[in-house]
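Descriptive analysis of the structure
Read off the chains here:
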Amino acid sequence: MGMTRDPRTIAVSQGIATDTAFGSVVPPLYLSSTFAFQGLGDQPRYEYSRAGNPTRDILGTTIAELEGGAGAVITASGTAAVDLFLSLLRPGDLVVAPHDCYGGTYRLLVARQERGHFNVLFVDQGNDEQVRAALAAKPKLMLIETPSNPLMRVVDIRALTSRARDAGTRTAVDNTFLSPALQRPLTMGADFVIHSTTKYINGHSDVVGGAVVAADPADFEELSIWSNTVGVTCSPFDAHMTLRGVRTLFPRIKQQQHAAMLIAEFLNDHPAVGKVYYPGLASDPNHALAASQQAGFGAMMSFELASDAAGRNQFVSSLGLFTLAESLGGIESLIAHPFSMTHRAMGEEAMGVAGITDRLFRLSIGLEFEGDLIDDLKQALASMQS
Ligand SMILES: *Cc1c(COP(=O)(O)O)cnc(C)c1O
């Protein structure tokens, strides 16, 4: 086309009106597991859906273009996407990961290390000394998560990727918490972007999926081959659903972060609430760094409740609009208790190091009217006093 299009346009228009069979405006869903050869010796564009599928390819192209990458491999889960990235490692190689990374990623890294697949070093990536010491060990890969889950700590993508490059270390940023609508790590020096598309990209809490975006075409090729070799590509149906979700990514996240800002301010002013972790607050220690590398502050936050276990139970059971559930990034608002839910797999010791206490709650702000969400939190906080 030779025309640069805005990411908002890419999200909506990728694959529209491209059907050559019937002129279907929306790309058709090709469920077929296999594709016909025209004759012996034929090389059809698609042969078998584990290796390649037209519906999944439209989703891959869309996510790759949104992130500014050469290509994206679409996987059956975000965890499979992290594991696909880790397939670049050989026994004896070192990967550096954040000490406060997603709980399932932590479990995966430890489990693969225990089986001798590679070595892992967890560091506080906001701590200069720890990063310096880790890179001195010449790791092959570094995984970055920013903002972190659940404490919304922000690390400097440009600084970390440039230091890693100097050490010969390749980097991936898990961009699940912000999506390409709010952060584009490849433009800041990362080699890969990882997504749990389960979250904002699909956005409707009805598909589990993932993606790895590569900046370099050769890396994309290598990961595509490996994803077929181990069979982690996602189903065409899931890809179709996720493509439907990504169409509205930009307007969804715009409204969600608008509501999140108002809710963070409300919580920050409430006497029953302790610390609020939301980089959008001017008082947040991550505010300036987040503003320098993000196009917005997103719709995830966490906060500490200044109360005992009975009060916390009362608060959660009084909520009407926030459902107590894991996951995030959907149209519906959710509340999670990382200590007993999402991060339990880390174990209490690692949670202590990361700063996750039993007083901490995480919110994923959905698309309900923001005034109703604030009213719901207000009445649930009031119920603790009575
Ligand atoms: C959910 C999540 C994952 C894992 O994705 P699944 O789709 O649940 O396998 C990885 N990283 C982050 C930051 C997540 O929130």
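Keep in mind that this is a model prediction, so the values were computed, not measured.

**Describing unusual backbone geometry**
- At the junction of threonine 146 and proline 147, the peptide bond is cis and its omega measures out at -5° in the coordinates.
- Note on placement: proline 147 falls in the loop between strand E4 (141-145) and helix H6 (157-166).
- With an omega of 5°, the peptide bond running from asparagine 149 to proline 150 counts as cis.
- Relative to the assigned elements, proline 150 resides in the loop between E4 and H6.
- Positive phi, close to 55°, is recorded for alanine 17, a residue that is not glycine.
- Along the chain, alanine 17 turns up in the loop between helix H1 (7-13) and helix H2 (54-67).
- The exposed category is assigned to alanine 17, whose relative accessible area is 58%.

**A look at the layout of surface pockets**
- If you add up the space inside the largest pocket, you get close to 530 Å³.
- In terms of lining residues, the largest pocket is bounded by 26 residues, among which Ala51, Gly52, Asp57, Phe220 and Ser224 are the most central.
- Residue assignment for the lining of the largest pocket shows that the elements contributing at least two residues are H2, strand E1 (71-75) and helix H7 (217-230).
- Residues of the lining of the largest pocket, tallied by class, amount to 10 nonpolar, 9 polar and 7 charged.

**Re the site of the ligand**
- For the ligand, the set of nearby residues contains 13 residues, the closest of which are Thr79, Asp174, Ser196, Thr198 and Lys199.
- In the model, an oxygen atom of the ligand is placed 2.7 Å from a nitrogen or oxygen of the threonine 79 side chain.
- At a separation of 2.8 Å, an oxygen atom of the ligand approaches a polar side-chain atom of serine 196.
- Protein coverage of the free-state accessible area of the ligand, which is 380 Å², stands at 92%.
- The class makeup of the residues in the shell around the ligand is 4 nonpolar, 7 polar and 2 charged.

**A word on the pattern of salt bridges**
- According to the stated counting rule, one finds 13 salt bridges in the structure shown.
- We note a salt bridge from glutamate 65 to arginine 5, for which the minimum N-O separation is 3.7 Å. Of this pair, glutamate 65 sits in helix H2 while arginine 5 sits in the segment before H1, and the two are 60 residues apart along the sequence.
- Residue classification places arginine 5 among the partly exposed residues on the basis of a relative accessible area of 27%.
- The partner of arginine 165 in a salt bridge is aspartate 191, with the nearest N and O atoms 3.0 Å apart. Here arginine 165 is found in helix H6, whereas its partner aspartate 191 is found in the loop between strand E5 (170-174) and strand E6 (192-196), with 26 residues between them in sequence.

**With respect to the packing of helix H9 (residues 249-268) against helix H13 (residues 370-385)**
- It is at 9 Å that the axes of H9 and H13 come closest, and there the two elements cross at 30°. As the angle between them shows, H9 and H13 are arranged roughly parallel. The handedness of the crossing between H9 and H13 is right-handed. Facing H9, whose interface residues are Gln255, His258, Ala259, Leu262, Ile263, Phe266 and Leu267, H13 presents Glu370, Leu373, Ile374, Leu377, Lys378 and Leu381.
- For the contact of H9 with H13, the per-class residue count stands at 9 nonpolar, 2 polar and 2 charged.

**Points about the domain arrangement of the protein**
- Split into domains, the protein comes out as domain 1 (7-246) and domain 2 (249-383).
- Distance from the C-alpha centre of domain 1 to the C-alpha centre of domain 2: 26 Å.
- If you look at the interface, domain 1 gives 40 residues, while domain 2 gives 41 residues.
- Together domain 1 and domain 2 conceal approximately 3300 Å² of surface at their shared face, both sides included; 64% is due to carbon and sulfur atoms.
- Among the residues of domain 1 in contact with domain 2, Leu151, Leu182 and Tyr200 are the three that bury the most area, contributing 22% of the side total.
- Where domain 1 meets domain 2, there are 15 residue pairs in polar contact (both at pLDDT 80 or more).
- Those elements that provide at least two residues to the side of domain 1 that touches domain 2 are H1, helix H4 (103-114), H6 and helix H8 (236-246).
- Considering only residue class, the side of domain 1 that touches domain 2 consists of 21 nonpolar, 12 polar and 7 charged.

**Some thoughts on empty space enclosed by the protein**
- Taken as a whole and judged by the stated rule, the model has 1 cavity of 30 Å³ or more.
- Leu59, Ile74, Thr75, Thr197, Val207, Val208, Gly209, Gly210, Cys234, Asp238 and Thr242 are the residues that line the largest cavity.
- Listing elements by their share of the lining of the largest cavity, those giving two or more residues are E1 and H8.
- Per-class residue counts for the lining of the largest cavity are 5 nonpolar, 5 polar and 1 charged.

**Observations concerning H2**
- In a regular helix each residue adds 1.5 Å, so 14 residues correspond to 20 Å; H2 covers 20 Å between its end C-alpha atoms and thus fits that length.
- With 11 of 14 residues buried, H2 lies mostly within the body of the structure.
- Of the positions making up H2, those classed as buried are Pro54, Thr55, Arg56, Ile58, Leu59, Gly60, Thr62, Ile63, Ala64, Leu66 and Glu67.
- Residues of H2 that are buried make contact with H1, E1, E6, strand E7 (210-214), H8 and H9.
- Between a side-chain oxygen at the N-terminus of H2 and the backbone nitrogen of threonine 55 the separation is 2.9 Å; the capping residue is asparagine 53.

Scoring rules and cut-offs
- Residues numbered from 1 in each chain as written.
- Predicted model: local features only at pLDDT ≥ 70, side-chain atom pairs only at ≥ 80, totals over all residues.
- Heavy atoms only, no water.
- Helix = DSSP H or I, 4+ residues; strand = E, 2+ residues; numbered from the N terminus.
- Buried < 20%, exposed > 50% of the residue type's maximum accessible area, 1.4 Å probe, protein only.
- 1 Å grid on protein atoms, 1.4 Å probe; cavity = no way out; pocket = protein on both sides within 12 Å on 5 of 7 lines; lining within 4 Å.
- Points joined across faces, edges and corners; volume = space filled by probe spheres on them.
- Nonpolar A, V, L, I, M, F, W, Y, C, P; charged D, E, K, R; others polar.
- Near = heavy atom within 4 Å.
- Polar contact = N/O pair within 3.5 Å; in protein donor to acceptor, adjacent residues only side chain to side chain.
- Areas by Shrake-Rupley, 256 points an atom, 1.4 Å probe, with all protein chains shown as cover.
- Salt bridge = Lys/Arg side-chain N within 4 Å of Asp/Glu carboxyl O.
- Axes fitted to C-alpha atoms, helices over the stretch in contact; angles between N-to-C directions.
- Parallel < 35°, antiparallel > 145°, perpendicular 65-115°, else oblique.
- Left-handed = near helix turned anticlockwise from the far one by under 90°.
- Contact = heavy atoms within 4.5 Å.
- Domains from an automatic or database assignment.
- Buried area = accessible area lost by both parts, 1.4 Å probe.
- Expected span 1.5 Å × (residues − 1).

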